[in-house]
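Read off the chains here:
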Amino acid sequence: MLPREIDAAADAQTDGRDETRDERADRNWNEVLQELRVLQTGTQILTGFLLALAFQPSFGDLAGAQRIGYLVLVLLSALSAVVALAPVSVHRILFARRAKSTIVRFGHGCMLAALGLVSALLVGVVAFVFDVVVGGAASWIAGVALGIVIVALWLVVPVITRLRSERTP
């Protein structure tokens, strides 16, 4: 299905709401913004934590691989913020152009990408902290364990819930 066909199919769905296509787009855009606020707060806290680390006296004690890992985490943090904020920029540029459905689709894609980046960032930060504090195998165990929890809660549970809701009349 092409994006326009998906929009038409979504507009044809009866979800019990009495709203026009524009009203639905406005509601969906507000939902994207709420999700952005939640995601952005967590990303800002992680970014602040990462940036503060470089100015700690013990930062000089990090091994070469730990420094590279740290820089990868800083880049992931910045990239996740850029991707999560991209829908706001698109909205601003397309403001008053009657393109809200397009903005919502773009925002949806960006939020999915940002969630992927943030999940990698979270796993990386936890693994990095475990590596610095206790070293080696513990960092891998913590990172893999958190990755499993993220996949379960952010992917498996929502997909199962969606499939169950689609079977319910």
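Values in this document were obtained by computation on a predicted structure and should not be read as measured data.

1. Things to note about the overall build of the protein chain
- Helix and strand counts for the protein chain come out as five helices and zero strands.
- Ordered by position in the sequence, the α and β elements of the protein chain form the string α-α-α-α-α.
- Looking at the protein chain residue by residue over its 169 residues, the buried ones come to 28%.
- Of the contacts formed within the protein chain by residues at least 6 apart in sequence, a portion of 67% connects residues at least 24 apart.

2. Focus: the packing of helix α2 (residues 21–53) against helix α3 (residues 64–93)
- Contact geometry for α2 and α3: axes closest at 10 Å, N-to-C directions at 155 degrees. One way to sum up the angle between α2 and α3 is to call them roughly antiparallel. The way α2 lies across α3 gives a crossing that is left-handed. Here W29, L36, L39, Q40, T43, T47, L50, L51 and L53 of α2 come into contact with α3, specifically with Y70, L73, V74, S77, S80, A81, A84, L85, P87, V88 and H91.
- Partitioned by chemical class, the residues of the contact of α2 with α3 number 14 nonpolar, six polar and no charged.

3. A short note on the side chain of T43
- When you line up the elements, T43 lands in helix α2.
- If near-sequence neighbours (up to four positions away) are discounted, T43 is found in contact with S77, S80, A81 and V118.

4. Considerations on the packing of aromatic side chains
- All told, the structure shown has two aromatic pairs when counted by the stated rule.
- Ring centres 4.9 Å apart and planes at 70 degrees place the aromatic pair F59 and Y70 in the edge-to-face group. Of this pair, F59 sits in the loop between α2 and α3 while Y70 sits in helix α3, and the two are eleven residues apart along the sequence.
- Centre to centre, the rings of Y70 and F128 are 6.2 Å apart; their planes meet at 45 degrees, and the pair counts as tilted. Of this pair, Y70 sits in helix α3 while F128 sits in helix α4 (residues 100–133); the two residues are 58 residues apart in sequence, bridging distant segments of the chain. Residues Y70 and F128 agree in their burial class; the two are buried.
- Site record: aromatic cluster; members linked through ring pairs are F59, Y70 and F128.

5. Quick word on a nonpolar patch on the surface
- Taken together, the side chains of F49, V129, F130, V132, V133 and V134 make up a nonpolar region of the molecular surface, amounting to roughly 500 Å² of accessible area.
- Inspection of the secondary structure assignment puts V133 in helix α4.
- Residue V133 is classed as exposed on the basis of its relative accessible area of 64%.

6. Some words on the pattern of salt bridges
- Going through the model one piece at a time under the given rule, you end up with six salt bridges.
- Of the charged contacts in the structure, one is a salt bridge between E19 and R27, with a shortest N-O distance of 2.6 Å.
- Between K100 and D26 there is a salt bridge, with the nearest N and O atoms lying 2.9 Å from each other. Of this pair, K100 sits in helix α4 while D26 is found in helix α2, placing the two residues 74 residues apart along the sequence.

7. Points about the side chain of S139
- Topologically, S139 is positioned in helix α5 (residues 136–167).
- Separated by 2.6 Å, the side chain of S139 and the backbone oxygen of G136 make a polar contact.
- Dropping the residues within four chain positions of it, S139 is found in contact with A127, F130 and D131.

8. Some points on α2
- If you check α2, its first and last C-alpha atoms are 48 Å apart, about what 33 residues at 1.5 Å a residue would give, namely 48 Å.
- Those residues of α2 lying buried are R24, A25, R27, W29, V32, L33, L36, L39, Q40, T43, L46 and L50.

Cut-offs used in this document
- Throughout, residues of each chain are indexed from 1 in the direction in which the sequence is written.
- For a predicted model such as this one, the threshold for reporting local features is a pLDDT of at least 70, and the threshold for listing and counting side-chain atom pairs is 80 or more; totals across whole chains, interfaces and linings nevertheless cover every residue.
- The side-chain numbers reported here are obtained from all heavy atoms of the structure, hydrogens and water having been left aside.
- Where helices and strands are cited, they refer to DSSP runs of H or I of at least four residues and of E of at least two residues respectively, numbered from the N terminus.
- Exposure classes here rest on a 1.4 Å probe applied to the protein chains alone. A residue is buried below 20% of its type maximum, exposed above 50%, and partly exposed in between.
- We call two residues in contact when some of their heavy atoms are within 4.5 Å.
- Axis definition: a line fit to C-alpha positions, over the contact stretch in the case of helices; interaxial angles, taken between N-to-C directions, run 0 to 180 degrees.
- Angle categories: roughly parallel below 35 degrees, roughly antiparallel above 145, roughly perpendicular from 65 to 115, and oblique for all the rest.
- Crossings are sorted by hand: turned counterclockwise from the far helix by less than a right angle, the near helix makes the crossing left-handed, and turned clockwise it makes it right-handed.
- Charged means Asp, Glu, Lys or Arg here, nonpolar means Ala, Val, Leu, Ile, Met, Phe, Trp, Tyr, Cys or Pro, and polar covers whatever is left, Gly included.
- Aromatic pairing here means that ring centres of Phe, Tyr or Trp (its six-membered ring) are within 6.5 Å. Orientation follows from the plane angle: under 30 degrees is stacked, over 60 is edge-to-face, and everything else is tilted.
- Only residues whose relative accessible area exceeds 30% and that form no salt bridge enter a patch; like-charged residues are grouped when within 9 Å of one another, and nonpolar side chains (Val, Leu, Ile, Met, Phe, Trp, Tyr) when within 5 Å.
- Surface exposure here means Shrake-Rupley accessible area, sampled with a 1.4 Å probe, where a residue is shielded only by the protein chains that are shown.
- Here, a salt bridge means any side-chain nitrogen of Lys or Arg that lies within 4 Å of a carboxyl oxygen of Asp or Glu.
- By the criterion applied in these results, polar contacts are pairs of N or O atoms within 3.5 Å in which, for protein atoms, one can donate a hydrogen and the other can accept it, and in which residues neighboring in sequence qualify only through two side-chain atoms.
- Multiplying 1.5 Å by the residue count of a helix minus one yields the expected span of that helix.

In short, geometric facts, not functional conclusions.
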